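Chain by chain, the residues:
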Amino acid sequence: MEFDAVIEEFNVAHKTLQTEKLTVLQRANKGIALCHSTLSKMRVKVYQEGFSDKMKEISFFKDIKSIPMGHLVYYNEVRECEERLPKLGLKPKLKFLRGQRERINSFHKCHLSFHRYIMGERKDLDRHYFTRSPWIQPPMGIDNCGYDLMFNTSHDVLYAKFKGFERFGNYLVEYENRLKTLESVPASSVNNQKTPFNFTLPPTAAVEIAYAFREARAINHGDFEIKAFIDYFCEVFDIEIKEPYVLLSQITNRKKHRAKYLQRILDAFLGFLDERDA
């Protein structure tokens, strides 16, 4: 039984997914759907064709199925993280992310023996871990009635979790670093020096710009918190905006020129271009 075509199709679709302009949550949802679809195709082939020998069975459950399954674990964790992440405040977010990293560490400790087996690139127990047996016990938390003995071994899902958690751990570290960048004070503030660039439009203009950046996905593909971005904007340009959401309410209540300052910026830029062409 060959799975080259299925894996190639998955890899192409997954690579395309990485280039799409999506929020983190949107990409996670599409990634989950892609992984489920690929695993369903694999399940059909396993049921219809089976395996000609134990080595091919081991290869499938260890090296092939773990590709979409590992990504499925990763995307499920990312979606859960994005949905549960505190919406306001940098410190609550950092605390939550640290808790997620501790959960991964606890998972590794609970399965230390198998983790050592994998990290040591051993193969002597592959026949036990990655072939199907009618007496294998479903992983804890899985209903026996819903556990597919034809498409699972005793350790293939656990192996995929190690791969998925490795990716998720990298995601958490990257996310923490981004938040700490927002939390850190610019060097100009540390040295008690004023920024060489001053934002000379009213605070409302900064709020318009922030929302425009997010909706246009100009920064982080639109995946950022307005208050956090405003705070960073204020630090960089040494200004103060206390209530960005109140200012947004004032913007939405305008009867004319709702994007007043963005339009002013656009008109100024178009005027500049006209002057150059003259």
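Small disclaimer: the values here were computed from a predicted structure and weren't measured.

1. Considerations on the overall build of the protein chain
And step 1. Across its full length, the protein chain carries 13 helices and zero strands.
And step 2. Each helix and strand of the protein chain, placed in order from N terminus to C terminus, yields the pattern α-α-α-α-α-α-α-α-α-α-α-α-α.
And step 3. Per-residue burial for the protein chain yields a buried fraction of 39% across its 278 residues.
And step 4. Entry remark: accessible area of the protein chain is about 17200 Å², with carbon and sulfur atoms responsible for 55%.

2. Things to note about the environment of Asp-124
And step 1. You can see Asp-124 is positioned in the loop between helix 6 (112-119) and helix 7 (126-129).
And step 2. Among the polar contacts made by the side chain of Asp-124, one reaches the side chain of Arg-122 at a distance of 3.0 Å.

3. Side note on the confidence of the model for the protein chain
And step 1. In this model, the protein chain carries a mean pLDDT of 84, and residues with pLDDT of at least 70 account for 90%.
And step 2. Counting contacts from residues 140-146, a segment whose pLDDT is below 50, to residues more than four positions away or on other chains yields two contacts.
And step 3. Long-range and interchain partners of residues 187-191, a stretch whose pLDDT sits below 50, account for three contacts in this model, where long-range means more than four residues apart.

4. Brief notes about the packing of helix 10 (residues 203-215) against helix 13 (residues 260-277)
And step 1. Between helix 10 and helix 13, whose axes approach to 8 Å, the crossing angle comes to 80°. In terms of orientation, helix 10 and helix 13 fall into the roughly perpendicular class. Residues Thr-204, Ala-205, Glu-208, Ile-209 and Ala-212 of helix 10 touch helix 13, and the partners they reach there are Lys-260, Tyr-261, Leu-262 and Ile-265.
And step 2. Tallied by class, residues from the contact of helix 10 with helix 13 come to six nonpolar, one polar and two charged.

5. Comments concerning the nonpolar core
And step 1. Within the largest apolar cluster, 47 residues are counted, with the highest numbers of intra-cluster contacts made by Met-42, Phe-60, Leu-97, Phe-114, Phe-130, Phe-168 and Tyr-171.
And step 2. When residues of this core are traced back to their parent elements, those giving at least two are helix 1 (4-19), helix 2 (24-49), helix 3 (54-64), helix 4 (66-84), helix 5 (90-110), helix 6 and helix 8 (156-183).
And step 3. No other element matches helix 8, which puts ten residues into this core.
And step 4. Core analysis: the next-biggest nonpolar cluster, separate from the first, contains 17 residues, Ala-210, Ile-241, Ile-251 and Tyr-261 among them.

6. Things to note about the packing of aromatic side chains
And step 1. Counted under the stated rule, the structure contains 23 aromatic pairs.
And step 2. Taking the centre distance of 4.9 Å and the plane angle of 80° together, the rings of Phe-60 and Phe-61 count as edge-to-face. Like Phe-61, Phe-60 is buried.
And step 3. Geometrically, the ring pair formed by Phe-114 and Tyr-129 is edge-to-face, given 5.0 Å between the ring centres and 85° between the ring planes. Here the residue Phe-114 occupies a position in helix 6, and Tyr-129 occupies one in helix 7, the gap between them amounting to 15 residues.
And step 4. Overall, Phe-114 belongs to the buried group, its relative accessible area being 4%.

Cut-offs used in this document
- Residues numbered from 1 in each chain as written.
- Predicted model: local features only at pLDDT ≥ 70, side-chain atom pairs only at ≥ 80, totals over all residues.
- Heavy atoms only, no water.
- Helix = DSSP H or I, 4+ residues; strand = E, 2+ residues; numbered from the N terminus.
- Buried < 20%, exposed > 50% of the residue type's maximum accessible area, 1.4 Å probe, protein only.
- Areas by Shrake-Rupley, 256 points an atom, 1.4 Å probe, with all protein chains shown as cover.
- Polar contact = N/O pair within 3.5 Å; in protein donor to acceptor, adjacent residues only side chain to side chain.
- pLDDT = per-residue confidence, 0-100.
- Contact = heavy atoms within 4.5 Å.
- Axes fitted to C-alpha atoms, helices over the stretch in contact; angles between N-to-C directions.
- Parallel < 35°, antiparallel > 145°, perpendicular 65-115°, else oblique.
- Nonpolar A, V, L, I, M, F, W, Y, C, P; charged D, E, K, R; others polar.
- Core = buried A, V, L, I, M, F, W, Y, C linked by side-chain atoms within 4.5 Å.
- Phe/Tyr/Trp six-rings, centres within 6.5 Å; stacked < 30°, edge-to-face > 60°.

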